[in-house]
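Observations on the three-dimensional arrangement
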Amino acid sequence: MYKNGINMGQVKKQNRSSILRYMNSHTDVSRKEIAETTGLTAAAVTQICNDFLKEGLIKECGTVNDVSGAGRRKVMLRINYEFAYIIGVNIESHDTVIVISDLGGNVISRANLETNNEVSPEEFVGEVASRIDEMLDENPEAGKKVIGGCVAISGEVDREKGVSLRAYSIWRHEVPVCSLLEEKTGFKFIIENNIDAFAMAEIVYGTGMKSENILVLKWGPGVGCTIIIDNKLYEGRHGRSAEIGHFIVEKDGELCSCGRRGCLETKISYKAMKRKKPFKFNEFADVYMDFSEEIDLFARTLVNSMSILAPNRVVLAGRFFADKRVRDELIKCCEYYDKKYDTKRILHTPLFDKEDYIGPVATYIERELF
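Residues numbered from 1 in each chain as written. Predicted model: local features only at pLDDT ≥ 70, side-chain atom pairs only at ≥ 80, totals over all residues. Heavy atoms only, no water.

A closer look at the pattern of salt bridges
Side chains that differ in charge, positive against negative, can pair when their charged atoms come close. This model, assessed by the stated rule, comprises 21 salt bridges. Notably, a salt bridge pairs Glu55 with Arg16, separated by 3.4 Å at the nearest N-O pair. You can see Glu55 sitting in helix 3 (residues 42-55) and its partner Arg16 sitting in helix 1 (residues 8-24), a full 39 residues away along the chain. The exposure class assigned to Arg16 is partly exposed, which follows from its relative accessible area of 24%. With a shortest N-O distance of 3.7 Å, Lys277 and Asp290 are connected by a salt bridge. Of the two residues, Lys277 sits in the loop between helix 9 (270-276) and helix 10 (284-287) while Asp290 sits in the loop between helix 10 and helix 11 (292-309), which places them 13 residues apart along the sequence. For Lys277, a relative accessible area of 32% gives the class partly exposed. We classify Asp290 as partly exposed; its relative accessible area is 39%. Sharing partners across several salt bridges, the network here consists of Arg159, Glu192, Asp196 and Arg367. (Salt bridge = Lys/Arg side-chain N within 4 Å of Asp/Glu carboxyl O. Helix = DSSP H or I, 4+ residues; strand = E, 2+ residues; numbered from the N terminus. Buried < 20%, exposed > 50% of the residue type's maximum accessible area, 1.4 Å probe, protein only.)

In structure tokens form, the structure reads like this:
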């Protein structure tokens, strides 16, 4: 007969996670404030914070008067973001960004590569590994504090095996990305879908720190989205997330890279739109009004999605949303169909200047540290 019981190790892990999450979303906090907000006992908070201080993961940052009286002063704490460094690799269809970042998402080294799908995936991953080695050689002190890395890539991934199952527009067969990088760099890597990784960044550093239910929408070069519910990524069967880009919007439409016909992506992806009117990828804001029908179709699909999901906020990300004029046009179309979806509900990501690297950094922190 088996007895049900409490796994005290798991409880402590959850308590540590609660404290780190709270500290990450607040600048300087006291042990008392942590206990009152998280619901943990003062003794538990003191013990865990003392452990963090010994490890170097948090640090003391002065004292303030305790307004509750008794003349006491509270010791304020904050996360020591330079405690460790992370290797982030973001592989998109056009380019790949590699960074070495601290725990606060602050980059100390960065490299940009053209995503070369004319060579084998193994060769390209080898090129990424070589560049990582160069960056570590150039930053030896940070290299001593690197604790691992994360790869964010489009398409489906197998997190457990560290495999890219099908990276749309990059490579079409399974690639053991993590094991290839681990073999060449000596660091442990994890993998995540690029849209989900960016949504994780919204949870760790962005809008998700304040709002619990969010729809993260990325446009350019393709279309992707992720649902955040109660500050966690929502996943359906087989770990699959939402795919607004693969909503079917046209009967007997063009064959999509996902294998279905008439998907939204076949109408509003960069590849699809430049067939209608050629333009350079980074110059969409100059020609966006030539694609008013496509933006309106996008808005209708988005409003229908929001009617079902009812998110508190929609966060816009991706290069096609970098210009305010494009965002305003989409929101105007959304408002035409439903007045509720205005600039208060549909926001531009506060991480816009970090979009091309912050996803894998945040994913590693969330999965391996928090």
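Having seen the model, we can carry on.
Things to note about the sheet that holds strand 1 (residues 29-30)
Spatial strand order, 1-3-2: three strands in an open sheet with antiparallel pairing. Each end of this open sheet is capped by a strand with a single partner; those strands are strand 1 and strand 2 (58-65). In this structure, strand 2 lies alongside strand 3 (residues 73-79), joined through six bridges in antiparallel fashion. Looking at strand 3, one finds that Ile58 is bridged to Ile79. (Pairing = 2+ DSSP bridges.)

Here's the deal with the side chain of Asp95
Take Asp95: it is sitting in strand 5 (residues 95-102). Contact partners of Asp95, with chain neighbours within four places excluded, come to Asn90, Leu113, Glu114, Thr115 and Arg319. (Contact = heavy atoms within 4.5 Å.)

Here's the deal with helix 6 (residues 177-185)
Along helix 6, the residues that are buried comprise Val177, Cys178, Leu180, Leu181 and Thr185. What you see down the axis of helix 6 is that its buried residues fit within an arc of 165°, all on one side. Considering only its buried residues, helix 6 is in contact with helix 4 (121-138), strand 7 (146-153), strand 9 (163-166) and strand 10 (189-193). Taken from the residues just after helix 6, Gly186 is the one with a positive phi, measuring 85°. (Arc of directions from axis to C-beta.)

Re the nonpolar core
Core analysis: the largest hydrophobic core is formed by 44 residues, its most contacted members being Ile19, Met23, Ile34 and Tyr205. Top element by residues in this core is helix 7 (residues 194-204). It accounts for six residues. Of all hydrophobic cores here, the second largest spans 36 residues; its members include Trp219, Phe298, Leu330 and Ile331. (Core = buried A, V, L, I, M, F, W, Y, C linked by side-chain atoms within 4.5 Å.)

Quick look at the sheet that holds strand 10
Spatial ordering of the open sheet is given by 6-5-4-7-10, a layout of five strands whose pairing is mixed. Whereas interior strands pair on both sides, the edge strands pair on one side only; in this sheet they are strand 6 (107-114) and strand 10. Direction aside, the axes of adjacent strands within the sheet are offset by 15° on average. Across the sheet, helix 6 touches strand 7 and strand 10, and the angle it forms with strand 10 is around 150°. (Axes fitted to C-alpha atoms, helices over the stretch in contact; angles between N-to-C directions.)

Geometry only, nothing functional implied.
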